[in-house]
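The primary structure of each chain is shown beneath.
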Amino acid sequence: MQITDVRVRKVSKDGKMKAVVSITIDNEFVVHDIKVIEGEKGLFIAMPSRKAADGEYRDIAHPINSETRDRIQNIILDKYETTLIEGDAETVSEE
């Protein structure tokens, strides 16, 4: 599996969520709404999720092992940092 495209949309409001990202896998499959969040230990990603009937949030799409999650997170955070430096990310309002 290769991440063939990463699109970063910075969030314009102050807060813990810094960006919303879409990734393309193998030029064939897209995952939207991956969030870049600033936590106590630094930046991390949160996969797309929805609120269940019990009030809990459940991931809609996610890696099934930690190695894949780490690889996706590293690629996304590298691209996020690059867009901050180059200033080429689209900015969106937080929903």
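Scoring rules and cut-offs
Residues numbered from 1 in each chain as written. Predicted model: local features only at pLDDT ≥ 70, side-chain atom pairs only at ≥ 80, totals over all residues. Heavy atoms only, no water. Helix = DSSP H or I, 4+ residues; strand = E, 2+ residues; numbered from the N terminus. Rg over C-alpha atoms; globule rule 2.2 N^0.38 Å. Contact = heavy atoms within 4.5 Å. Areas by Shrake-Rupley, 256 points an atom, 1.4 Å probe, with all protein chains shown as cover. Lys, Arg positive; Asp, Glu negative; His and termini not counted. Charge placed at Lys NZ, Arg CZ, Asp CG, Glu CD. Pairing = 2+ DSSP bridges. Buried < 20%, exposed > 50% of the residue type's maximum accessible area, 1.4 Å probe, protein only. Core = buried A, V, L, I, M, F, W, Y, C linked by side-chain atoms within 4.5 Å.

A. Seen up close, the overall build of the protein chain. Across its full length, the protein chain carries one helix and seven strands. Taken against the 2.2 N^0.38 rule, which gives 12 Å for 95 residues, the C-alpha radius of gyration of the protein chain at 13 Å falls within 12% of a compact globule. Considering only C-alpha atoms, the protein chain reaches an extent of 40 × 35 × 25 Å along its principal axes. Pairs at least 24 apart in sequence give 34% of the contacts found in the protein chain among residues at least 6 apart. Roughly 6600 Å² of accessible area belongs to the protein chain as shown, and the carbon and sulfur atoms make up 45% of that amount. Of the side chains in the protein chain, 14 bear a positive and 19 a negative charge, and the two mean positions are spaced by 4 Å.

B. Structural detail: the pairing of strand β1 (residues 3-11). The sheet contact formed by β1 and strand β2 (residues 17-25) spans seven bridges and is antiparallel. Paired with lysine 10 across the strands is alanine 19, a residue of β2. Here β1 folds back onto β2 in antiparallel fashion, the turn holding five residues, of which glycine 15 has a positive phi close to 155°.

C. Representation of the environment of leucine 43 in the model. As for its position among the elements, leucine 43 is in strand β4 (residues 42-46). A relative accessible area of 26% means that leucine 43 is categorised as partly exposed. Non-local contacts of leucine 43, meaning those with residues more than four positions away in its chain, are made with Lys18, Val36, Ile37, Glu38, Leu77, Tyr80 and Glu81.

D. Structural detail: the environment of threonine 4. Here threonine 4 shows up in strand β1. Judged by its relative accessible area of 34%, threonine 4 is partly exposed. Spatially, the C-alpha atoms of threonine 4 and isoleucine 23 are 7.5 Å apart, while their sequence positions differ by 19 residues. If we ignore the near neighbours within four places in the chain, the residues touching threonine 4 are Thr24, Ile25, Asp26 and Asn27.

E. Structural context of the nonpolar core. Val21, Ile23, Ile34, Val36, Ile45 and Ile76 are the most contacted members of the largest nonpolar core, which has 16 residues in total. Looking at this core, the elements that each hand over two or more residues are β1, β2, β3 (29-39) and α1 (66-86). For valine 21, the contacting residues outside a window of four places in its chain are Val6, Arg7, Val8, Val31, His32, Asp33, Ile34, Val36 and Ile76.

F. Quick peek at unusual backbone geometry. A positive phi angle, close to 55°, is found at asparagine 27, a residue other than glycine. Taking relative accessible area as the criterion, asparagine 27 reaches 63% and is therefore assigned exposed. Even without being glycine, aspartate 33 reaches a positive phi, approximately 65°. Secondary-structure assignment places aspartate 33 in strand β3.

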